[in-house]
Amino acid sequence: MTGLDWLWGFPENLIVFLNKVAIGQFILFILAGAVGAAFAFMLSVALAAARTNRSDPSALDNECSSPTPPQSGSATVSTAGLRAIALLAAAAIAAGGTGGLFLALGVKLAALLPHCTPRSTAIVLSFAPLWFVFSYLTGDAVYLGLTVRRPQPIRGRQWNDVWGDEEREWVARTGSYLVLCALAFAVACVLTIIGPEWIPTLPVSGESWTLTVKQVAAVLTAVASAIGSIGLGASSLSSVFGYGTGRSRLPVRTILIIATPIFASVLIIVLSAGLDHLFFGGTLLEILKLGSPQDESPLYLNPLSGCGQLGILVAAAALLILSAGAAHFVNINRFSLYDLYRMRLTREFLGASNAQRRPNYWTGFDETDDIGLADCWTTKDGKKCLYPVINAALNMAATDRLEWQDRKAVSFVFTPAYCGSGATPRLGFRPTQDYACGIRLGWGMTVSGAAVSPNSGYTTLPGLSLLMTLFNLRLGIWAGNPGDAGGQIASGAAVFRHRGPHFAWRPLVDEAFAQTDDLSQYVYLSDGGHFDNLGLYEMLRRRCRFIIVSDATCDPKYDYADLGSVVRKAAIDFGIRISFTHLDMLAPGETAIPGAFSAFAIIEYPEKRGRFRRALGHLIFIKAGYRGLIDPPADVRAYALANPAFPHETTVDQFFGEAQFESYRALGSYIMMELGRQSGFDPRRNKMPKSLHDFFKGARVALDDGALAKATMLGRLH
């Protein structure tokens, strides 16, 4: 053997030698990590030099030809000088060696698992990427620590990022995304490969049904998650549906945050087990352990054979093609619960006013019940009529505006003239006759009431949105972006005219993973209450002088959450101040004060009226209440005594009976008539206000007198 042959075979001989000693594997990984880091560093220096040369071709030539380096300028890795480059390279090599050390530890831990078993292979497959990411991040931490302050560059140059703050932030952000991806991969592998073994299978004829400890634990977990997400949410412990004391109630949001991932994990395991038995006749790990399917039926695929693997690929490709075809041909708006909800709301509320209604004898629906929204504001004989503004929420769960992370939605309106939103510069308004093939009244009304939606404004939960999308609990709709992203009519690509996306993959994924925004061609619309539950926001945007708000939300404790939310948003977005003179609505257990069901407020708009005064508006706030009514109608009293939650029964109840519906209608009518009577007007005596100004003036005096009476009565009680 010549010296050259020995030198050529030295690396291989070194590897064999190191593997023989106990510490050799660690040294091998450390060396490999250091060499890899050195190579990556040299590559980055070369790329930086090439980029510098491309941006300024004369800079590198002058630097190389001149006997002295340039005396001014910012330092880069390629122009910082030999000493600085050497120190940075040493830090990179140390970081690479540290990462290699952690990889060696991972290999040693994997060696502790039982050899040549499918379960060990599945565990390594699941957690190897995550361990690799942690090793990489450990090396990054070492590099950042050693280069916490950049080494001094050549004379006359300075680092733009002396302390490495920008680099640290870049590394941290990159590392967080790598950890999330690796963690998601690990969880998915564990649930789909190992998880099916936890599912009990039905016994074969003649065999007894035996359950392992893991299978019993899986069943109990599934039951517990169902109880947690459904049972607790609908019980008296819930902060939404229950009426127990504040300390005994559990917030529904906390219940869902805990129960949703558990239920999602169980669902993935069950689906994976079902697919394993459908294609393989058993769980994948069992087949890999046995070497072939238990049932040699040609209906099952053998994942260990070439034909079986080809069959798996063909099945996956067929499912992919089927999914793409369905995404193209099936409108996701038509395949949700939206149309089911829309047709019934239209029949219930619009059909009642259709005097010439001729319903289908089988379905009970009549197409003439619904009318175009653009036709809802037509003047007859020169008389003015009310201008309808239907509120919806444009969901922005993935918005890039940090101040909107709590809102996760903006206001969206349907009006007879235009539809759209002015919340961001990327949005806009489109003519109602052109938007979504022409908006109809029932269409807009249903969107405004689409409360059950995967993306629901400030109540959006990413895990819950995925489950709701999978189970098609979707009342919201996808509509064309009313802004520039929705296209232009002149270009022929006006997607805002479409009734739904032409390809459903992207919108459906965004809906499932709460990635909705205002940048896409299509936007996701849902219940207006997901942004403003009172409809006050858009009236303030229009600078209305006289506003009447009817608050019929479920608020048994009179927390005024919806009112407080819209007042806060108006102050932030518009600079509008709203000042209430009193809020006298009564919660259960408080002393009943006659007539305490309304409040008056002064609206101060930011526009100036004169030199110093701000433009003013007036607001009457009416909240559904029963306590404190003066001689309420007998039917309302009877229903309230029989139903203590009235008039704040849960909005989950969508099936009102005759007595329930009439009680709410009669209560609202009585409250308004009583407010008019206290304001000095009585239609029964032909005493009508001459203008809105007269009515608001009388209401303000009456409500101020009521507040004074309440203060006097409370003073006597105390």
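This one's a predicted model, so the numbers in the text were calculated from it and none came from an experiment.

### Topic: the overall build of the chain
Here is step 1: When you go through the chain residue by residue, the secondary structure sums to 20 helices and twelve strands.
Here is step 2: Buried positions account for 38% of the 718 residues belonging to the chain.
Here is step 3: Considering only intrachain contacts with a sequence separation of at least 6, the fraction spanning at least 24 residues in the chain is 65%.
Here is step 4: For the chain, the computed accessible surface area is about 41000 Å², with 65% contributed by carbon and sulfur atoms.

### Comments concerning the side chain of D527
Here is step 1: Counting through the fold element by element, D527 comes out in strand β8 (residues 522–527).
Here is step 2: Within the buried core, D527 has no salt-bridge partner, and the shortest N-O distance to an opposite charge, that of K569, equals 12 Å.
Here is step 3: In this structure D527 touches A392, A393, V447, S448, G449, A450 and A451, once residues within four positions along its chain are discounted.

### Description of the sheet that holds strand β6 (residues 429–431)
Here is step 1: In spatial order, the strands read β6-β5-β4-β3-β8-β7; together these six strands make up an open sheet with antiparallel pairing. The sheet is open, and its two edges are formed by β6 and β7 (477–480), each paired on a single side. Taking the axes of each pair of neighbouring strands and ignoring which way they run, one obtains an average angle of 35 degrees across the sheet.
Here is step 2: In this sheet, strand β5 (residues 418–420) lies alongside strand β4 (residues 409–414) in antiparallel orientation, the contact comprising two bridges. Bridge pairing in β5 links F414 to C419.
Here is step 3: This element, helix α13 (residues 441–448), spans β3 (390–395), β4, β7 and β8 of the sheet and lies at about 55 degrees to β3.

### Considerations on the packing of aromatic side chains
Here is step 1: A complete count under the given rule lists 18 aromatic pairs for this structure.
Here is step 2: Between F531 and Y537, the aromatic rings sit 4.9 Å apart at their centres with planes inclined by 90 degrees, giving edge-to-face as the arrangement. Across the pair, Y537 and F531 agree in class, each one buried.
Here is step 3: Note on Y537 and F574: the rings are 4.8 Å apart at their centroids and 40 degrees apart in plane angle, and the pair reads as tilted. Highlighted residues: Y537 in helix α16 (residues 536–541) and F574 in helix α17 (residues 561–574), separated in sequence by 37 residues. Like F574, Y537 is buried.
Here is step 4: Ring pairs connect the aromatic residues Y338, F412, F414, Y435 and W443, which therefore count as one cluster.
Here is step 5: Between the NZ or CZ atom of R401 and the centre of the ring of W404, over which it lies, the distance is 3.9 Å.

### Points about unusual backbone geometry
Residues other than glycine predominantly adopt negative phi, and peptide bonds predominantly adopt the trans conformation.
Here is step 1: In this structure, P647 follows F646 across a cis peptide bond, with omega equal to 5 degrees.
Here is step 2: As for its placement among the helices and strands, P647 is situated in the loop between α18 (634–642) and α19 (658–678).
Here is step 3: Non-glycine residue C437 carries a positive phi angle of around 65 degrees.
Here is step 4: Among the structural elements, C437 can be located in the loop between β6 and α13.
Here is step 5: Owing to a relative accessible area of 55%, C437 belongs among the exposed residues under this scheme.

### Quick look at the pattern of salt bridges
Here is step 1: Counted according to the given criterion, the structure contains 20 salt bridges.
Here is step 2: Notably, a salt bridge pairs R426 with D400, separated by 3.4 Å at the nearest N-O pair. Of this pair, R426 sits in the loop between β5 and β6 while D400 sits in the loop between β3 and β4; the two residues are 26 residues apart in sequence, bridging distant segments of the chain.
Here is step 3: A single network of salt bridges, built from pairs that share partners, joins R334, D339 and R342.

### Some details on helix α7 (residues 165–194)
Here is step 1: Look at α7: 42 Å from first C-alpha to last across 30 residues, which is about the 44 Å you get at 1.5 Å a residue.
Here is step 2: Among the residues making up α7, those that are buried are V171, G175, A182, A186, C189, V190, L191, I193 and I194.

### Description of the confidence of the model for the chain
Here is step 1: Overall, the predicted model of the chain reaches an average pLDDT of 79, with 76% of residues at or above 70.
Here is step 2: Across the chain, the secondary-structure element scoring lowest on mean pLDDT is helix α4 (residues 57–65), at 45, and the one scoring highest is β3, at 96.
Here is step 3: Contacts from residues 230–250, a stretch scored under 50 in pLDDT, to residues over four places away or in other chains number 40 contacts.
Here is step 4: Scored below 50 in pLDDT, residues 713–718 shows four contacts in the model against residues more than four places distant or in partner chains.

### Here we look at a nonpolar patch on the surface
Here is step 1: Together, I30, L101, F102, L105, L109, L112 and W131 make up an exposed nonpolar region whose accessible area comes to about 590 Å².
Here is step 2: When residues of the nonpolar patch are assigned to their parent elements, the largest contribution, four residues, is made by helix α5 (residues 82–111).
Here is step 3: Along the chain, the position of L101 falls in helix α5.

### Focus on the pairing of β3
Here is step 1: The buried count for β3 comes to six of six residues, which makes it a mostly enclosed element.
Here is step 2: Burial along β3 is two-sided: the residues I390, A392 and L394 and N391, A393 and N395 are all buried.
Here is step 3: In terms of strand pairing, β3 meets β4 through six bridges, oriented antiparallel. Following the sheet pairing, N391 is matched in β4 by V413.
Here is step 4: Pairing analysis gives three bridges linking β3 to β8, with the strands arranged antiparallel. Following the sheet pairing, A393 is matched in β8 by S526.

Conventions we followed
All residue numbers refer to positions counted from 1 along the written sequence of the respective chain. Where totals are concerned, whole chains, interfaces and linings use all residues; where local detail is concerned, this predicted model gives features only for residues with pLDDT of at least 70, and gives and counts side-chain atom pairs only at 80 or more. Computation of side-chain values covers all heavy atoms of the structure but excludes hydrogens and water. In this description a helix means any DSSP run of H or I spanning at least four residues, a strand means any run of E spanning at least two, and both kinds are numbered starting from the N terminus. Burial status follows relative accessibility: with a 1.4 Å probe on protein chains alone, a residue under 20% of its type maximum counts as buried, one over 50% as exposed, and anything between as partly exposed. Only heavy atoms matter for contacts: two residues are in contact if any of them lie within 4.5 Å across the pair. Where accessible areas are quoted, they stem from the Shrake-Rupley method and a 1.4 Å probe; at the residue level, only the protein chains shown are allowed to cover. When charges are counted, neither His nor the chain ends are considered; positive counts come from Lys and Arg and negative counts from Asp and Glu. Salt bridges are defined as contacts in which a side-chain nitrogen from Lys or Arg sits within 4 Å of a carboxyl oxygen from Asp or Glu. Any two strands with at least two DSSP-identified bridges between them are counted as paired. For every element, the axis is a line fit to its C-alpha atoms; helices are fit only across the contacting stretch, and the angle between N-to-C directions ranges from 0 to 180 degrees. We call Phe, Tyr and Trp rings a pair once their centres come within 6.5 Å, taking the six-membered ring for Trp, and we label the pair stacked below 30 degrees between planes, edge-to-face above 60, and tilted otherwise. Ring-over charges, as used throughout, are those where CZ of Arg or NZ of Lys falls within 6 Å of the ring centre and within 35 degrees of the ring normal. To estimate the expected span of a helix, subtract one from its residue number and multiply by 1.5 Å. Every residue is assigned a pLDDT by the predictor, reflecting its confidence on a scale from 0 to 100. Here the term patch refers to residues with relative accessible area over 30% and no salt bridge, with like charges joined within 9 Å and nonpolar side chains (Val, Leu, Ile, Met, Phe, Trp, Tyr) within 5 Å.

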